[in-house]
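# Architecture at a glance
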Amino acid sequence: MFSSCADPSSLHGLSWMLCYLTTGKQMLFYGSFGIVLVLLVVTAPVALLFGFSGALAARSRITPLRWIGRAYTAMVRGVPDIIFFLFVPIAMDQGIEYVRNRIKCPDWNQPVFAGNEFHVCAAAKMPLNSAPQIYHEIYGFSLAVIAFAVVFGAFAANVLYGAMQAVPRAQLETAEAYGMTQAQVTRRVLIPQMWTYALPGLSNLWMILIKATPLLFLLGIEDIVYWARELGATKSSVYAYPHPDWRVYYFLVLLVFYLVMTKLSEIVLNRINRKLSFGQATAGGEALRKADI
């Protein structure tokens, strides 16, 4: 990074540490924290969309749609998360490449699935082998987001379904008596009223999502866990900055990061819960009413 760091072997003490902390790989380590934050920002609304779809499907009056909604939540909640985190990206990647192979290489005469091997033509690769590295990283990250959204969407669907069931039936019947259609009742009465019941469960899911972000490491994405292990491991004299095993210090940084994220999340979620509970006929709303009195 700096001209004074050109010869690491001549550095000592604080100057050595400053140069070590500004190397290219260290910058990638710092940037990986941004990857985690982007994952949270992108995955949360996508998972909530999956959850809404699953909850509304589970409440649908159309029997096949209701079965699909309940099967989705039951299946994902009943299977270990790690299986979906590994299965969804692989299945989607191979599915996309299989379709592209049928479209772009209609004359392909080799079996796509041959034992444990998966073969498609070069033009069907997603992204292409000649594509810049950034496209490969974005594609892998997108698959990871979908995998997280599928898993946490199922849990969100269960939370939202329970919250919808908790809304007093009398309110829905009153809306129907005023001539609202089922869609209007859902949009104008059910969904606005359910948030105060859903927030505690969604808050727990958000905390679990934060704790689940290290699973990016298992999906081949160079996240904070990858770089903490890579940079903290023992570096011999063949490296520019040799050092003993520093993984404990790197993982302590991760510990502080996740604790700070958890604390900030608690503060924000408590404020949202207070706002949603105000004026509601719930335990939280009653506590706020008594506090104002």
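In this convention, every chain numbers its residues from 1, walking through the sequence in written order. At least 70 in pLDDT is required for a residue's local features to be given in this predicted model, at least 80 for side-chain atom pairs to be given and counted, and no such filter applies to totals for whole chains, interfaces and linings, which use all residues. Only hydrogens and water are removed before side-chain values are computed, so all heavy atoms of the structure are retained for them.

### Regarding the overall build of the chain
What counts is decided by this rule: Only DSSP runs of H or I reaching four residues or more are called helices, and only runs of E reaching two or more are called strands; each is numbered from the N terminus. Throughout, the radius of gyration refers to the C-alpha atoms, and the reference size of a globule is 2.2 Å times the residue count to the power 0.38. Burial classes follow relative accessibility: with a 1.4 Å probe on protein chains only, a residue under 20% of its type's maximum area counts as buried, one over 50% as exposed, and anything between as partly exposed. Contacts: residue pairs with any heavy atoms within 4.5 Å of one another. Surface accessibility in these figures is a Shrake-Rupley result with a 1.4 Å probe; residues are shielded only by whichever protein chains are displayed. Positive charges come from Lys and Arg, negative ones from Asp and Glu, while His and the chain ends are left out of the count. Think of each charge as sitting on NZ of Lys, CZ of Arg, CG of Asp or CD of Glu.
Of the regular secondary structure elements, the chain holds 10 helices and 2 strands. Along the chain, helices and strands appear, N-terminal first, in the series α-α-α-α-β-β-α-α-α-α-α-α. For 293 residues, the compact-globule estimate of 2.2 N^0.38 gives 19 Å, and the chain exceeds it by more than 25% at 25 Å. In terms of overall dimensions, the chain has a C-alpha envelope of 80 × 70 × 30 Å along the principal axes. By residue count, 35% of the 293 residues in the chain fall in the buried class. Within the chain, residue pairs in contact and separated by at least 24 positions form 67% of the contacts whose partners lie at least 6 positions apart. Put simply, the chain shows about 17300 Å² of open surface, and 65% of that area lies on carbon and sulfur atoms. Taking the 23 positively charged and 16 negatively charged side chains of the chain as two groups, their mean positions are separated by 11 Å.

### Focus on the state of the cysteines
Convention followed: Disulfide assignment relies on a single distance test, namely cysteine sulfur atoms paired within 2.5 Å.
If you walk through the whole model with that rule in mind, you get 1 disulfide. Note on cysteine connectivity: cysteine 105 is disulfide-linked to cysteine 121, with sulfurs 1.8 Å apart. Given an S-S torsion of about 85 degrees, the disulfide between cysteine 105 and cysteine 121 has right-handed geometry. Residue cysteine 105 is found in the loop between helix H4 (81–104) and strand S1 (113–114), and its partner cysteine 121 is found in the loop between strand S2 (117–118) and helix H5 (133–166); the two are separated by 16 residues along the sequence. Summarising the burial analysis for this pair, cysteine 105 and cysteine 121 share the class buried.

### So, the packing of helix H6 (residues 169–177) against helix H7 (residues 182–212)
Quick reminder of the rule: Between the N-to-C directions of two axes lies an angle of 0 to 180 degrees, each axis being a line fitted to C-alpha atoms and, for a helix, fitted only over the stretch in contact. By the definition used in this description, the sense in which the near helix is turned from the far one sets the handedness, with an anticlockwise turn below a right angle giving left-handed and a clockwise turn giving right-handed. Under the grouping applied here, Gly and all other residues not named as nonpolar or charged are polar, the nonpolar ones being Ala, Val, Leu, Ile, Met, Phe, Trp, Tyr, Cys and Pro and the charged ones Asp, Glu, Lys and Arg.
Packing of H6 against H7 brings their axes to within 10 Å, and their N-to-C directions diverge by 145 degrees. The interaxial crossing formed by H6 with H7 has right-handed handedness. Judged by residue contacts, Gln171, Leu172, Ala175 and Glu176 of H6 engage Gln182, Val185, Val189, Leu190 and Gln193 from H7. Per-class residue counts for the contact of H6 with H7 are 5 nonpolar, 3 polar and 1 charged.

### Some remarks on unusual backbone geometry
Proline 127 follows methionine 126 through a cis peptide bond whose omega is -10 degrees. Mapped onto the elements of the fold, proline 127 is located in the loop between S2 and H5.

### Regarding the environment of threonine 23
In this structure, threonine 23 sits in the loop between helix H1 (13–20) and helix H2 (24–58). Taking relative accessible area as the criterion, threonine 23 reaches 19% and is therefore assigned buried. Taking C-alpha positions, threonine 23 is 9.5 Å from tyrosine 241, a pair spaced 218 residues apart along the chain.

### Considering the packing of aromatic side chains
Quick reminder of the rule: Each pair of aromatic rings taken from Phe, Tyr and Trp, with Trp reduced to its six-membered ring, is defined by centres within 6.5 Å and is described as stacked if the planes are under 30 degrees apart, edge-to-face if over 60, and tilted in the remaining cases. In this analysis the charged atom, NZ for Lys or CZ for Arg, is taken to sit over a ring once it is within 6 Å of the ring centre and within 35 degrees of the ring normal.
Following the criterion strictly, the structure yields 16 aromatic pairs and no others. With a centroid separation of 5.2 Å and an interplanar angle of 70 degrees, the aromatic rings of phenylalanine 257 and tyrosine 258 are classed as edge-to-face. In terms of burial, phenylalanine 257 and tyrosine 258 fall into one category: buried. Connected via pairs of aromatic rings, a cluster forms that spans Phe29, Tyr30, Phe33, Tyr250, Phe257 and Tyr258. Positioned above the aromatic ring of tyrosine 239, the side-chain terminus of lysine 235 is 5.6 Å from the ring centre.

### Thoughts on the side chain of serine 60
Using the following cut-off: Distance and chemistry together define a polar contact, namely a pair of N or O atoms within 3.5 Å, with one atom able to donate a hydrogen and the other to accept it when in protein, and with adjacent residues in sequence counting only for side-chain atoms on both sides.
Here serine 60 lies in the loop between H2 and helix H3 (63–78). Here the side chain of serine 60 touches isoleucine 62 through a polar contact of 3.0 Å, landing on its backbone nitrogen.

### Focus: the nonpolar core
Convention followed: Buried Ala, Val, Leu, Ile, Met, Phe, Trp, Tyr and Cys residues form a nonpolar core when they are joined through side-chain atoms within 4.5 Å.
If you look at the biggest cluster of nonpolar residues, it comprises 61 residues, and the most contacted ones within it are Phe29, Phe148, Phe152 and Ile224. Element by element, the count of residues in this core is highest for H5, at 14 residues. Not counting chain neighbours up to four residues away, the residues in contact with phenylalanine 29 comprise Ile224, Trp227, Ala228, Leu231, Tyr250 and Leu254. Counting residues in each nonpolar core, the second largest holds 6 residues, with Cys105, Val120, Cys121 and Ala124 among its members.

### Quick notes on helix H8 (residues 224–232)
Definition in use: Starting at the helix axis, one direction is taken to each C-beta atom, and the arc is that of these directions.
All of the buried residues along H8 are Ile224, Val225, Trp227, Ala228, Leu231 and Gly232. For H8, the angular spread of the buried residues around the axis is 165 degrees, confining them to a single face.

### A few points about a nonpolar patch on the surface
The condition is simple: For patch detection, residues must exceed 30% relative accessible area and be free of salt bridges, and they are connected within 9 Å for like charges or within 5 Å for nonpolar side chains (Val, Leu, Ile, Met, Phe, Trp, Tyr). A carboxyl oxygen of Asp or Glu within 4 Å of a side-chain nitrogen of Lys or Arg is what we treat as a salt bridge.
On the surface, Val256, Val260, Leu264, Ile267, Val268 and Ile272 cluster together into a nonpolar patch covering about 470 Å² of accessible area. Here leucine 264 lies in helix H9 (residues 247–277). Residue classification places leucine 264 among the partly exposed positions, given a relative accessible area of 47%.

### A word on the confidence of the model for the chain
Quick note on the threshold: For every residue, the predictor assigns a confidence score, pLDDT, that lies between 0 and 100.
For the chain, per-residue confidence averages 84 on the pLDDT scale, and 93% of positions sit at 70 or higher. Per-element averaging of pLDDT across the chain places helix H10 (residues 283–292) at the bottom with 56 and H2 at the top with 90.

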